[in-house]
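Chain and residue survey
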Amino acid sequence: MSDREFSSNDDLSLPKATVQKIITEILPPSSGQTFSKDARDLLMECCVEFITLISSEANDISEKEAKKTIACEHVEKALRDLGFGDYIPDVLSVAMEHREALKTREKKANKMEQSGLSEEELLRQQQELFRSATAKYHAGPEP
């Protein structure tokens, strides 16, 4: 896949609000500097082009290895091959932070397991709550 396989990057974009948030974090209003809308739009186009370039190169690398999934090491090699090796430590650091955040999310997703109650007990409690709510609804408003 070449980096020009897409007919145009016009179909691809980043959320303006997200880009603006990143710009504001880097260039707070208290700095006295402003970032024009045209500059923001240009930055977004550059980001899309950069992502397309790196992902295309990473895809080529994964295809040469007969892999169907682009892995972190493919992105790392793409960065190095394209002359962006200085970015690799920061990219790997962000990837590690992302993995840690996913672990936290997975733990939150297992709230049922963390309750220590069986599925049957949780279902019984839920049904009791529904019965109680239904009874309150049919009783009408409190005086």
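Our subject is the structure listed above.
Note that the coordinates shown come from a computational prediction; the quantities given were computed from them, not determined experimentally.

Right, let's get into the side chain of His74. Structurally, the position occupied by His74 is in helix α3 (residues 72–81). On the accessibility criterion, His74 (3% relative accessible area) is buried. Reaching out from His74, the side chain makes a polar contact with the side chain of Glu65 at a distance of 2.8 Å. Aside from chain neighbours lying at most four places away, what touches His74 is Ala58, Ile61, Ser62, Glu65, Lys67 and Thr69.

Looking now at the packing of helix α1 (residues 16–26) against helix α2 (residues 37–64). Between α1 and α2, whose axes approach to 11 Å, the crossing angle comes to 105°. Of the possible angle classes, the one that applies to α1 and α2 is roughly perpendicular. Of the residues in α2, those in contact with Lys16, Val19, Gln20 and Ile23 of α1 are Arg40, Asp41, Leu43 and Met44. Here the contact of α1 with α2 is composed, by residue class, of 4 nonpolar, 1 polar and 3 charged.

Right, let's get into the nonpolar core. Burial of nonpolar side chains together is a common tendency in soluble globular proteins. If you look at the biggest cluster of nonpolar residues, it comprises 6 residues: Ile54, Ala58, Ile61, Ala78, Leu79 and Ile88. Where this core is concerned, the elements lending two or more residues are α2 and α3. Counting residues per element, this core draws most heavily on α2, at 3 residues. Other than its neighbours up to four places away in sequence, Leu79 contacts Phe50, Ile54, Phe84, Gly85, Ile88 and Val91.

With the rule as written, the count across this model stands at 3 aromatic pairs. Taken together, a centroid distance of 5.0 Å and an interplanar angle of 85° make the contact between Phe50 and Phe84 edge-to-face. Here Phe84 lies in the loop between α3 and α4 (88–109) and Phe50 lies in helix α2, a separation of 34 residues in the sequence. Take Phe84: its relative accessible area is 22%, and that puts it in the partly exposed class. Residues Phe50 and Tyr87 carry aromatic rings whose centres are separated by 6.3 Å and whose planes lie at 55° to one another, so their mutual orientation is tilted. Of this pair, Phe50 sits in helix α2 while Tyr87 sits in the loop between α3 and α4, and the two are 37 residues apart along the sequence. On the basis of relative accessible area, Phe50 is assigned to the partly exposed category, the value being 33%. By relative accessible area, which is 46% here, Tyr87 ends up partly exposed. A network of ring pairs unites the aromatic residues Phe50, Phe84 and Tyr87 as a single cluster.

Calculation criteria
- Residues numbered from 1 in each chain as written.
- Predicted model: local features only at pLDDT ≥ 70, side-chain atom pairs only at ≥ 80, totals over all residues.
- Heavy atoms only, no water.
- Helix = DSSP H or I, 4+ residues; strand = E, 2+ residues; numbered from the N terminus.
- Buried < 20%, exposed > 50% of the residue type's maximum accessible area, 1.4 Å probe, protein only.
- Polar contact = N/O pair within 3.5 Å; in protein donor to acceptor, adjacent residues only side chain to side chain.
- Contact = heavy atoms within 4.5 Å.
- Axes fitted to C-alpha atoms, helices over the stretch in contact; angles between N-to-C directions.
- Parallel < 35°, antiparallel > 145°, perpendicular 65-115°, else oblique.
- Nonpolar A, V, L, I, M, F, W, Y, C, P; charged D, E, K, R; others polar.
- Core = buried A, V, L, I, M, F, W, Y, C linked by side-chain atoms within 4.5 Å.
- Phe/Tyr/Trp six-rings, centres within 6.5 Å; stacked < 30°, edge-to-face > 60°.

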